[in-house]
Every structure is written in structure tokens, then in C-alpha cells.
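Residues per chain are reported as follows:
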Amino acid sequence: VAFTVMFWDDRHDTLNGLPYPGEIVLQGVQDLYQNVNDLANANSFPHGMTIRILIGVQFNRISIDPNTDQRYSVLEELNKLNIPLYKVLPDGRIWKVEVGLYGLGANDTNVYSHVKLLVVDNNKMIVSGYMPTYPFRSVNNEADFHDLGIEVSGPIAANGMAIFDKLWEGSD
């Protein structure tokens, strides 16, 4: 699983009590971890699972702490949800989560990756204009910003993975 996004919103919704946008993504990772970790599903995940999360810019200036590296926000939330970064499963398969920063996005807020992409198994892909941030989040069918995403399946998803791999190559 490869996921890249420009911003990671770690602000908690005190008004509505809903999970914050990045938490929703990580709850999906948590569900996946439970499925991969279940030996009954070993045939579905014969090699285990590697998840890569790539953040496009180092600092989210609208977050609670605009001076905190967004990678640390993701890692902290993974820890809170008890999602290990690396685990050898009882049958020898590997679970791994990697969090990176787009290489040119470090320290310079004027250079970043604006790519928003999710690729699964080189066969499914969502390319979007939206990010897991509050302005794009719908509450009671209302959102501040509206944008689209497209889901595709088949060989074209491998092209998305190639793009992700290029972005990941130079990441920190």
C-alpha cells in the first residue's frame, strides 16, 4: 500500500467529537494490520504487508503545532493506535509501516509534492485533489472545500505506483 498526500491534519475535532481526517486513514491501516496479523488471512497476504506513507511537505502551518514535522505526527498516531512499524508475524511474514517526507519538501515550505495518491497491490489506485484535512471533510454533507478523486483498477495503477516510487526514492 502506497499513500502520498501533501498535508496531514492532526487537529482533533473538539466540536463534533469525530475522528480527525488523518486518524480515519490510520484506522484503515489499523484494520489492515488486524487482517494481516490474523493467521486465517495468511493466504490473502502471503508476504505480509508493507505500507508507505509519504508526506509532501515537512510542516503543516495550519496544524496545532506548525513547527512539528508531519512525519512525527503520523508516527505518534500510529503508536496511539498500537500499529507497529515493524513486526515479524508468527508464520514469518513481515508487517512494515514506513513514513517518509518528500525529499525536496524538507525545510523549504515553497518546495513540496502536491501529489495525492493511494495505490494498492499495483492494481487499484485513487488519484485525488482532496487531502485528509478538515476543509475537505464532510460533516452533515457540508464541507469547506470540494474536490474530486478517481478510482481506477488494472494495469494503469502500476503507473501510479511508478510515480509513488519516484517520489519515495528521494524521501527522508
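Attention in this report is confined to the structure presented alongside it.

Analysis parameters
Residues numbered from 1 in each chain as written. Predicted model: local features only at pLDDT ≥ 70, side-chain atom pairs only at ≥ 80, totals over all residues. Heavy atoms only, no water. Helix = DSSP H or I, 4+ residues; strand = E, 2+ residues; numbered from the N terminus. Buried < 20%, exposed > 50% of the residue type's maximum accessible area, 1.4 Å probe, protein only. Phe/Tyr/Trp six-rings, centres within 6.5 Å; stacked < 30°, edge-to-face > 60°. Pairing = 2+ DSSP bridges. Arc of directions from axis to C-beta. Contact = heavy atoms within 4.5 Å. Core = buried A, V, L, I, M, F, W, Y, C linked by side-chain atoms within 4.5 Å.

### A word on the overall build of the protein
Check the secondary structure of the protein and you find three helices and seven strands. Going from N to C terminus, the protein has its helices and strands arranged as β-α-β-α-β-β-β-β-β-α. The 172 residues of the protein split such that 42% are buried.

### A look at the packing of aromatic side chains
By the definition in use, this model includes two aromatic pairs. Residues Phe-164 and Trp-168 carry aromatic rings whose centres are separated by 5.8 Å and whose planes lie at 20° to one another, so their mutual orientation is stacked. Here Trp-168 and Phe-164 lie together in helix α3 (residues 156-169), a separation of four residues that amounts to about one turn. Residues Phe-164 and Trp-168 agree in their burial class; the two are buried.

### Details of the pairing of strand β2 (residues 48-55)
Side-chain direction in a regular strand flips from residue to residue, so the side chains alternate between the two faces of the sheet. The buried fraction of β2 amounts to six of the eight residues, a majority that puts the element mostly inside the structure. Bridge analysis of strand β1 (residues 2-5) against β2 gives four bridges, and the strand direction is parallel. From the neighbouring strand, Val-5 faces β2, where its bridge partner is Ile-55. Where β2 lies against strand β4 (residues 94-101), eight bridges are found, and the strand directions are parallel. Bridging from a neighbouring strand, Leu-54 pairs with Gly-100 of β4.

### Some remarks on helix α2 (residues 70-80)
Buried residues of α2: Gln-70, Arg-71, Ser-73, Val-74, Glu-77 and Leu-78, and no others. One side of α2 carries all its buried residues, which in axial view fall inside an arc of 160°. The outward face of α2, more than 90 degrees from its buried face, is lined by the exposed residues Tyr-72, Asn-79 and Lys-80. Against the buried residues of α2 lie α1 (21-37), β2 and β4.

### Regarding the nonpolar core
Ranked by internal contacts, the top residues of the largest apolar core, which has 22 residues, are Trp-8, Ile-51, Ile-53, Leu-78 and Trp-95. Elements with a minimum of two residues in this core: β1, α1, β2, α2 and β4. Considering each element in turn, this core owes the most residues, five residues, to α1. Beyond its immediate sequence surroundings of up to four residues, Trp-95 is in contact with Val-29, Leu-32, Tyr-33, Val-36, Met-49, Ile-51, Ile-83, Pro-84, Leu-85, Tyr-86, Lys-87 and Leu-89.

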